[in-house]
Structures are given as C-alpha cells and as structure tokens.
Amino acid sequence: MNNNSFSTPLATFFGIILLSAVGSASAQTVEKSISISPFGASLSDNAQMLRGFRAGILMDDPAGNPDNRSSFYFGFTIPEDFAPGSMPVVRIIWSTGGESCNLNLRSNALTRHDVDGGPSDTGSLSSNSGLPLVSNDTSEHGNTAIYTPVSVGVFAPGDAVTASLFRSEVNDTCPNVVIHGIAVVYDSLGPLVFQDAFEN
C-alpha cells in the first residue's frame, strides 16, 4: 500500500481548516479607544480650563449670543492596528449643572491628513444623538455624546486627524457645561487568528 495515499486528502483537509481560520480571523475586530486628555486640548473663545471638582473644559452658557461661544480643538493619529474600512467615532463625556437641558455642541472643524502623501480632506463631526444633546435629569452627572466623522474620505493607519467642537447659542439651555473626557473609539485588528476554528 502506498504510504502517501492519504497525504493529499489530509493536506487538503487541514489546508481548508487553516484558510477558514485565517479568513474568520481577518473578519474579526475588537473595540479599542484612544484617550485624549481635556487638559491637552487647545481652548478658544470663552472656553476655560476647570480644575478641582468637576475638572475639565468649562463651556459657559452662550445665552443666545454668538459672542459668548466656547470651543476647543484636539487631534489624534489613526493607530497602526486600525481595521481598514471601519470608521472611528469620538466619544465625549460631559456634565452640566442643569437637569434635562439642551447642549448644542456642534462641529467646528475636522480634517484628515493622509499619511501616504495624499490630499487632506475636510469634513465634520456628526452627532449620533442629534442636536441639541439632552442632559439626564440629574445635575452634575455624566452624559455621553458620540460623534461620527463625515465627508473625510477613507481612514488609514497613520493618518493624522484634527477636530474642533463649539457650543452654539442656538437652542442651548444648559448651565455650566464641563467636558470631562474625550476618546476616539475604533475597531482594531486584534490577535484573533484561529479563535473560531480551534478554540471553539
């Protein structure tokens, strides 16, 4: 009997399993985030840095006047483990001295600078919850807002992104808004090779 009679079918069998595992792993991602300190943001207009209790970026009530606006700028670089074709989001943690009030925190600017030397794209940050944002019914408790970049092309690892948000005077009723945290949440190509085919 030929000792190699089962070698080709067996190799094919394990080859199919291996390709299945790799294909499965390539489709899997894990969620990661980049933290951006509010103390590292660039402030303009009437925004101020608040320290101590409720520390963060203080954005006073614009009181219906565009001269009273507050804004802040921040930036980040798309991580090397970023999953191609996915879209990062910006997560803002904020609080207010009011209850069930409106915060009109709008996009001021967004630019993606191509790591490969391509042209920069300008776009904006779109609120996933609509605008204005509505605070919870307990003052000085945390609220979360999620913003998605729009009209900025396709993100790639290494791209540099600069962005800004401002507090509009239109339909804004919250007193003493403080931005406590800024994070970029993205899909990462995690170390998941063989997980489905072998570990399960």
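This structure is a prediction, so every number in the text was calculated from the model and none was measured. For every chain, the first residue of its written sequence is number 1, and the numbers climb from 1 along that sequence. Note on the predicted model: pLDDT of at least 70 is required for a residue's local features to be given, and 80 or more for side-chain atom pairs to be given and counted; whole-chain, interface and lining totals, by contrast, use all residues. Note that water and hydrogens are dropped before the side-chain values are worked out from all heavy atoms of the structure.

Peer 1: Please clarify how the environment of Thr 77 should be interpreted in this entry.
Peer 2: For helices the rule is a DSSP run of H or I covering at least 4 residues; for strands it is a run of E covering at least 2, with both sets numbered from the N terminus onward. Mapped onto the elements, Thr 77 comes out in strand β5 (residues 70-77). The sequence separation of Thr 77 and Thr 162 amounts to 85 residues, and the corresponding C-alpha distance is 8.8 Å.

Peer 1: What is the right way to look at the state of the cysteines in this model?
Peer 2: When the sulfur atoms of two cysteines share a covalent bond, that bond is a disulfide. In this description, a disulfide is simply a cysteine sulfur pair whose atoms lie within 2.5 Å. Scanning the entire structure with this criterion turns up one disulfide. Sulfur-sulfur distance for the disulfide between Cys 101 and Cys 174 comes to 2.1 Å. Disulfide Cys 101 to Cys 174: torsion about the S-S bond roughly 105 degrees, handedness right-handed. Placement of Cys 101 in the loop between β6 (89-95) and β7 (102-103) and of Cys 174 in the loop between β12 (160-167) and β13 (177-188) is noted, with a sequence separation of 73 residues between them. Like Cys 101, the residue Cys 174 is buried in the burial classification. Note on classification: 1.4 Å probe, protein chains only; a residue is buried when its accessible area is under 20% of the maximum for its type, exposed when over 50%, partly exposed between these limits.

Peer 1: Explanation requested: the side chain of Ser 71 in the structure shown.
Peer 2: Within the secondary structure, Ser 71 is located in strand β5. Engagement of the side chain of Ser 71 in a polar contact is seen with the side chain of Ser 44, the distance being 2.4 Å. Think of a polar contact as two N or O atoms within 3.5 Å of one another; within protein, one of them needs to be a possible hydrogen donor and the other a possible acceptor, and neighboring residues in sequence only count if both atoms come from side chains. Looking at Ser 71, its side chain comes within polar contact range of the side chain of Asp 45, at 2.9 Å. Here, two residues are considered to be in contact whenever any of their heavy atoms come within 4.5 Å of each other. Here Ser 71 is in contact with Ser 42, Leu 43, Ser 44, Asp 45, Ala 47, Met 59, Asn 108, Ser 164, Leu 165 and Phe 166, once residues within four sequence places are set aside.

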